[in-house]
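If you want the building blocks of each chain, they are given just below.
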Amino acid sequence: MPNDHADIAALGELLGAHAWPGFLVLLVVVALAAGGAAWAFEHLRHRHVASGEPQPRRLFAGLALGLALVLLLAWGFAEVAEELGQGRPMGVFDDAMSSAVGAHTPAGVRAVFAQLTHLADPWFGAPLSVAVALWLWLRGHRGFAAGWVAATGGIALLNHVLKDIFERARPVHEAGFVQVSGYSFPSGHSSGSMVMYGMLGYLGFRLLAPGWRVPTVVAASVIVVTVACSRIFLRAHFPSDVIAGLCSGGAWLAVCIASIEFARHRSLKRAA
């Protein structure tokens, strides 16, 4: 077991030492994958992607069914949390990688991340959520507005509940990286950015002119990855916190988009 832990720690140190160039590679891969997927979907659908308005009643029926997925995810988190304690494999990896990131990340890079991480701060996200909801409502997209509110409000509630369940302390780091408080697992910035910017990418793909659809999806994907990785580079979270946040946010985002699409297609069938 000690040898296994030494190997795990060595892997964490290796990844942490090369985290900055690895982030750049990841960003390019995600941008290309997101852009390619959006382009393919748009052309497979013959560009008829903006028609149809989801009905709120059908939308919330789909969201209710999606709660089963969220409950299953919470059970999976409980299994993961058993490996996060002191001396456990995931805990050893988290400590090693977090320390290596702090030691090998240039101060200038960390300063940039310290600014970009604010894109998922509550003081920035809350007004943005209200502004988007009002814009959708005033433009007559009542179903999309309801889906947006359910998505952003739901992930805030889910993240709060999960943090209180696991009560994991944050990484210890030098003063001045970033001011953080509260529990660490899962990362609220990661889950919040996944849902908020993921929904903005989806709404842009559905509602904007064809020329803006693919760029919007790419931009949303880049922001999600950047915000999530910023929490590791700033040592506000352990790597497993960020992964868990992306998973919880991704699951809720999938539930919300699937519910909106279900309600939208049901409306199109009834109108036909």
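Residues numbered from 1 in each chain as written. Predicted model: local features only at pLDDT ≥ 70, side-chain atom pairs only at ≥ 80, totals over all residues. Heavy atoms only, no water.

K.L.:
What am I meant to see in the side chain of R213 here?
P.N.:
Here R213 shows up in helix 9 (residues 210-233). Since its relative accessible area comes to 4%, R213 is described here as buried. Of the polar contacts made by the side chain of R213, one reaches the side chain of E42; its length is 3.3 Å. A polar side-chain atom of R213 sits 3.5 Å from the main-chain carbonyl oxygen of F205. (Helix = DSSP H or I, 4+ residues; strand = E, 2+ residues; numbered from the N terminus. Buried < 20%, exposed > 50% of the residue type's maximum accessible area, 1.4 Å probe, protein only. Polar contact = N/O pair within 3.5 Å; in protein donor to acceptor, adjacent residues only side chain to side chain.)

K.L.:
Before we go on, may I ask you to explain unusual backbone geometry in this structure?
P.N.:
Phi is mostly negative for residues that are not glycine, and the peptide bonds are mostly trans. Here the phi dihedral of R235 falls at roughly 60°; this positive angle occurs in a residue that is not glycine. In this structure, R235 sits in the loop between helix 9 and helix 10 (239-271).

K.L.:
Even after reading the chapter, I still don't get the layout of surface pockets, so can you show me in this structure?
P.N.:
To find leftover empty space, one rolls a probe the size of a water molecule over the atoms. What the largest pocket holds in volume is close to 890 Å³. V30, M194, S221, V224 and V225 are the residues nearest the centre of the largest pocket, which is lined by 37 residues in total. (1 Å grid on protein atoms, 1.4 Å probe; cavity = no way out; pocket = protein on both sides within 12 Å on 5 of 7 lines; lining within 4 Å. Points joined across faces, edges and corners; volume = space filled by probe spheres on them.)

K.L.:
What should I look at first to understand the pattern of salt bridges in this one?
P.N.:
Opposite charge on two side chains makes pairing possible when the charged atoms of those side chains draw close. Scanning the entire structure with this criterion turns up two salt bridges. With a shortest N-O distance of 3.3 Å, E42 and R213 are connected by a salt bridge. Here E42 is found in helix 2 (residues 19-44), whereas its partner R213 is found in helix 9, with 171 residues between them in sequence. The buried category is assigned to E42, whose relative accessible area is 2%. R206 is the partner of E261 in a salt bridge, and the nearest nitrogen-oxygen pair spans 2.7 Å. Of this pair, E261 sits in helix 10 while R206 sits in helix 8 (residues 188-207), placing them 55 residues apart in sequence. On the basis of relative accessible area, E261 is assigned to the buried category, the value being 15%. Look at R206 and you get buried, because its relative accessible area is 4%. (Salt bridge = Lys/Arg side-chain N within 4 Å of Asp/Glu carboxyl O.)

K.L.:
How should the packing of helix 6 (residues 122-138) against helix 8 be read in this particular structure?
P.N.:
A pair of packed helices can be characterised by two numbers: the angle between their axes and the separation between those axes. The contact between helix 6 and helix 8 brings their axes to 12 Å, and the two run at 20°. By the angle class used here, helix 6 and helix 8 are roughly parallel. Of the two elements, helix 6 crosses helix 8, and the hand of that crossing is left-handed. Across the interface between the two elements, F124, G125, L128, S129, V132 and L136 from helix 6 touch M196, Y197, L200, L203 and L207 from helix 8. When its residues are assigned to classes, the contact of helix 6 with helix 8 shows nine nonpolar, two polar and no charged. (Axes fitted to C-alpha atoms, helices over the stretch in contact; angles between N-to-C directions. Parallel < 35°, antiparallel > 145°, perpendicular 65-115°, else oblique. Left-handed = near helix turned anticlockwise from the far one by under 90°. Contact = heavy atoms within 4.5 Å. Nonpolar A, V, L, I, M, F, W, Y, C, P; charged D, E, K, R; others polar.)

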